[in-house]
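Structural overview
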Amino acid sequence: MKKYLFFLTAIILSVIAISCDEKFTSTIVVENSSKAEKENYDDIITEIMVSEGTSEIKYNKKVSYDIDSGDYCIKIKGTRLYTTSGTEKEINEICSKGNPIEFRNCDTKLFVWDGTSLINKGETELD
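My aim in this report is to walk through the structure given alongside it, one point at a time.

Spatially, S2-S5-S6 is the arrangement adopted by the three strands of the open sheet, whose pairing is antiparallel. Looking at which strands have only one partner, the edges of the open sheet turn out to be strand S2 (41-49) and strand S6 (88-95). When strand polarity is set aside, the average angle formed by the axes of neighbouring strands in this sheet is 20°.

Tallied over the entire structure, the rule returns three aromatic pairs. An angle of 40° between the planes, with centres 6.3 Å apart, marks the rings of Phe 103 and Phe 111 as tilted. Accessibility expressed as a relative area gives 2% for Phe 103, which makes it buried. Site record: aromatic cluster; members linked through ring pairs are Tyr 72, Phe 103 and Phe 111. Above the face of the Tyr 41 ring, Arg 80 is positioned so that its terminal group lies 3.9 Å from the ring centre.

Below, the discussion takes up the nonpolar core. Core analysis: the biggest nonpolar cluster contains 19 residues, and Ile 28, Val 30, Ile 48, Ile 74, Ile 76, Phe 103 and Phe 111 have the highest contact counts within it. Of all the secondary-structure elements, those providing two or more residues to this core are strand S1 (26-32), S2, strand S3 (61-67), strand S5 (74-82), S6, strand S7 (101-103) and strand S8 (108-113). Per element, the largest residue contribution to this core is three residues, and it comes from S3. Each residue touching Phe 103, except ones within four places of it in the same chain, is listed here: Ser 26, Thr 27, Ile 28, Ile 67, Ser 69, Gly 70, Tyr 72, Ile 74, Lys 109 and Phe 111.

If you walk across this open sheet you meet the four strands as S3-S1-S8-S9, and the pairing is mixed. The strands lining the two open edges of the sheet, one partner per strand, are S3 and strand S9 (118-123). This sheet shows a mean twist of 20° between the axes of neighbouring strands, independent of strand direction. By the bridge criterion, six bridges tie S1 to S8 in an arrangement that is parallel. Note that in S8 the partner of Val 29 across the bridge is Leu 110.

What counts, and where the lines are drawn
- Residue indices follow the written sequence of each chain, beginning from 1 at its first position.
- A pLDDT threshold of at least 70 governs which residues receive local features in this predicted model, and a stricter bar of 80 or more applies before side-chain atom pairs are shown or counted, although totals over entire chains, interfaces and linings include all residues.
- Heavy atoms from the whole structure form the basis of all side-chain values; hydrogens and water molecules are not counted.
- Criterion used throughout: strands pair if DSSP finds at least two bridges between them.
- The way it works is that DSSP assigns letters per residue, a run of H or I at least four long becomes a helix, a run of E at least two long becomes a strand, and they are numbered from the N terminus.
- For helices, the axis comes from a line fit to the C-alpha atoms of the stretch in contact; other axes are also lines fit to C-alpha atoms, and the angle between any two N-to-C directions lies between 0 and 180 degrees.
- Between the rings of Phe, Tyr and Trp (Trp by its six-membered ring), a pair exists once the centres lie within 6.5 Å; its type follows the angle of the planes, with under 30 degrees stacked, over 60 edge-to-face, and the other angles tilted.
- For every residue, the accessible area obtained with a 1.4 Å probe (protein chains only) is divided by the maximum for its type, and the residue is called buried under 20%, exposed over 50%, and partly exposed between those limits.
- In this scheme, Lys NZ or Arg CZ marks a charge over a ring once it lies within 6 Å of the ring centre and within 35 degrees of the ring normal.
- The nonpolar core is taken to be a set of buried Ala, Val, Leu, Ile, Met, Phe, Trp, Tyr and Cys residues, with the residues joined through side-chain atoms within 4.5 Å.
- Contacts: residue pairs with any heavy atoms within 4.5 Å of one another.

Here it is in structure tokens:
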């Protein structure tokens, strides 16, 4: 009986491992969908801070990072460039202020910068 229980446990663990593509990490996807009504500015995200890593995202782009499971606050920094005047404004936004977001193994969560705030859209599928 113990042999059957051992094999059953091994099979279940194998199925879990295969369903996670043999990686036990989570994925953060950050998308920049900011766009002005009159289209007089462009937002560029220059940094995405989770545990580490930097990137640059222009309008309607997205980037993803694999992270270990755990609790994280997601923060972006960037620049809003007003195309009519050439002036710049700093973007410095934290999602989940004071409440870290839990990532479990194989989670994929989408965060969207909409020009006003960084929003946690929850679990998603990667394209």
